[in-house]
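Listed below, chain by chain, are the residues.
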Amino acid sequence: MTSNLVGSGSGIAPIDPSLTLSPASAAPAFESRAEAALRWLGAGFSVIPIGRGELSTGGASAWLDQLSADAVDAYWREHPDHDFGVVLSDELVVFEVSSLDAQRALDAIEEAHGITPTMIDGGSTGIRHWFRCSPGSRPTSDWLSEQSRPPLHIGIAAAGVILSLPPSEGRGLLGAGPQTLADLAEVGQDLIAAIIEHNRRLASGVRPPVDVTPCPMIAPVQIVEATGVEPGNVWAAVEPPFAPVDDMALGEDGKQCAPDRPRPTALDKFSLRGRAGEVERNAVEQIPLLGRIAMVGQFTAIYAPPNGGKTLLTLHLLREATRLGRVDPARVYYINVDDHAQGLLEKLRIADECGFHLLVDGYREFSSTNFLDTLRVMTAEDQARGVVVILDTLKKFTDLMDKSRASAFMKVARQFIVKGGTIVGLAHTNKYLGSDGKPVFAGTTDVRDDADCVHILRPLDSSPGDTERVVELENIKRRGNVALKAAYRYCIEPDISYDELLASVEEVDQSELLTLKRTEAERSDADLIAHVQACVREGIDTKMRLADAVAERAGVSKRQAVRILEAYTGADPARHRWQFVVRERGAKVFALLGEAGPATEAPETDQAGGCGDV
């Protein structure tokens, strides 16, 4: 195999084209693109198809989700001429140079740090040195296109960038290459910082302190692999489709040009610029998880009074989600730390039937006090994507009354969510109702403020002897397409099994809910309604006199009395209890529906100059 490139120390330099690489150091020959792709996959590289310079799949994330030897083999059987690349992971960094001067500068930096690359490939866009990052190193991409790259610039490709791999069109491997990622030479942050400083000096117009001689760009590399291409052909280069170019400005001609680069800051190492692929791999589609009240990829909090049915409702909706295929039950972890032994056994049987996991304090060394540490590990090791965690109840995992602890808990939970996880937290409402008569969440506002969605569950009032309970969930914070209100009913007959109880849960539609809430309101207002009716029958029938009398007799505020008067005024016997006519001087005179009303009516408008009853 003839080549115009050969290893020379830690770099590459043009030599006599008549020299050949020895068999021991020659680049591997592959019978097909599929064989080459499988070889790189086996070495630990995240191989991805490139069809003549563009991704052939629907996106990097979709391909990487199903990446396997079978997937690679099947793809290249269908597309045998497609090239391939690698999505750089956090542990990889690649340096590329496009001129002999830049190559010498890179050699000098590597030599100064005692580093020799073990993987080098070349092509018409330049020569690349591949390295493995040492623990704690956080390289940031500094990648310029060939047209805008200064001759001395050293390109840096880090996590999320896609680079073509030999023997893709335009790329050739020098030597046999690594058998695994572990074979790559390791570099630390010191060498990476030296290259960043080198590029910064270039951008500011300062020539780097290396002895270089100006020379033209390296000519297109002619490395021939066993891929059916005749020797002597120059292959077209494949540019990395996802190479970050956010830091490039556009000139008047629309082409990219390098602006004056600002001095790097301490925040640069945290930047996600150019790493859309990494975020895309963690993102999950926000599909319904628990009916219409919780979405995949969010933190949802459900507050309810004790024994309000939050656990029952959650288990019912979770079982439906697994049945409908909305979630993989093997990725669902229901953590039950608020139950007795019999309740635990009942829920374990449900979990086994549906296929999701049940975790309990005291079993298999699980402890809710260590849960937050486990969540941190899952987040750091990219294990969060697609995982659903249900916490029953939240107060067992953090102190909801302690602002600092609740805030710290939500910070860890949020990191888990942005890596593709899902959390549903069940919690209790306060024992005191709000000013509107509705339940309010217990604890500080931190969970409510930091969650994606928050629901308050309240049971509707029932009559003695009722065999069903209806609960309403009202959303007080939402992100995404979740229901503002939802309602469910379930059986409350005594002595039924938990399986029967679970089977009795069903959703209540909104039209029926309105009727039920109207009935509930009438039941709640029954005492005040009776006072109004008694007053009217006694001849206390104008609005303000009625309000004063009802407030005094019922021991409520005048405002509540007025609310009752207005709520049940109308002509529909199914909804109303009385109506009024406007008499002289604008007075509103009330009469009970179905009973004799006022003898005569006056116009229903106030008389000019009058002081009508309002």
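Before going into details, it helps to say that this report is about the structure given with it.

The rules behind each value
Residues numbered from 1 in each chain as written. Predicted model: local features only at pLDDT ≥ 70, side-chain atom pairs only at ≥ 80, totals over all residues. Heavy atoms only, no water. Buried < 20%, exposed > 50% of the residue type's maximum accessible area, 1.4 Å probe, protein only. Helix = DSSP H or I, 4+ residues; strand = E, 2+ residues; numbered from the N terminus. Arc of directions from axis to C-beta. Contact = heavy atoms within 4.5 Å. Phe/Tyr/Trp six-rings, centres within 6.5 Å; stacked < 30°, edge-to-face > 60°. Lys NZ or Arg CZ within 6 Å of the ring centre and 35° of its normal. Core = buried A, V, L, I, M, F, W, Y, C linked by side-chain atoms within 4.5 Å. Polar contact = N/O pair within 3.5 Å; in protein donor to acceptor, adjacent residues only side chain to side chain.

## Digging into helix H1 (residues 33-42)
- H1 sits mainly inside the fold: 7 of its 10 residues count as buried.
- Within H1, the full set of buried residues consists of Arg 33, Ala 34, Ala 36, Ala 37, Arg 39, Trp 40 and Leu 41.

## Here we look at helix H9 (residues 371-380)
- Those residues of H9 that sit buried are Phe 371, Leu 372, Leu 375, Met 378 and Thr 379. The arc that holds every buried residue of H9, seen down its axis, measures 120 degrees, which confines them to one face.
- On its buried face, H9 sits against strand S18 (332-336), strand S20 (388-392), helix H10 (403-418) and strand S21 (422-428).
- At the exit of H9 stands Asp 382, carrying a positive phi of roughly 55 degrees.

## Section: unusual backbone geometry
- In this structure, Pro 167 follows Pro 166 across a cis peptide bond, with omega equal to 5 degrees.
- With respect to the helices and strands, Pro 167 occurs in the loop between strand S10 (162-164) and strand S11 (171-174).
- With omega at 10 degrees, the peptide bond leading from Asp 392 into Thr 393 counts as cis.
- Relative to the assigned elements, Thr 393 resides in the loop between S20 and H10.
- Phi angles above zero are rare outside glycine, and Glu 365 is one such case at about 65 degrees.
- Assignment of secondary structure puts Glu 365 in the loop between strand S19 (357-359) and H9.
- Although it is not a glycine, Asp 495 adopts a positive phi angle of roughly 65 degrees.
- Looking at the secondary structure, you find Asp 495 in the loop between strand S24 (485-491) and helix H12 (498-503).
- Note on Asp 495: relative accessible area 82%, which makes it exposed.

## Side note on the packing of aromatic side chains
- Tallying each qualifying case throughout the model produces 12 aromatic pairs.
- Aromatic pair Phe 95 and Phe 131: ring centres 5.6 Å apart, planes at 50 degrees, arrangement tilted. Here Phe 95 is found in strand S6 (residues 92-97), whereas its partner Phe 131 is found in strand S8 (residues 126-133), with 36 residues between them in sequence.
- A residue is classified by how much of its surface remains accessible, and Phe 95, at 0% relative accessible area, is buried.
- Members of the aromatic cluster, joined through ring pairs, are Trp 63, Tyr 75, Trp 76 and Phe 84.
- Over the aromatic face of Trp 40 sits the side chain of Arg 39, whose NZ or CZ is 4.6 Å from the ring centroid.
- Looking at Lys 347, its charged tip hangs above the ring of Tyr 498, at a distance of 4.4 Å from the centre.

## A few points about the nonpolar core
- Leu 289, Leu 290, Tyr 334, Phe 356, Val 424 and Tyr 488 are the most contacted members of the largest nonpolar core, which totals 37 residues.
- In terms of residue count, helix H7 (residues 310-323) provides more of this core than any other element does, 6 residues in total.
- When near neighbours in sequence (up to four residues on either side) are disregarded, Val 424 contacts Leu 289, Leu 290, Ala 294, Thr 300, Ile 302, Val 389, Ile 390 and Leu 391.
- Among the nonpolar cores identified, the runner-up in size contains 33 residues, and Trp 40, Leu 92, Trp 143 and Val 161 belong to it.

## Digging into the side chain of His 455
- If you trace the backbone, His 455 turns up in strand S22 (residues 453-459).
- Within the local environment of His 455, its side chain forms a polar contact with the backbone oxygen of Ile 293, the two atoms lying 2.7 Å apart.
- Excluding residues within four positions of it along the chain, His 455 makes contact with Ile 293, Thr 300, Ala 301, Ile 302, Tyr 303, Leu 473, Glu 474, Asn 475 and Ala 483.

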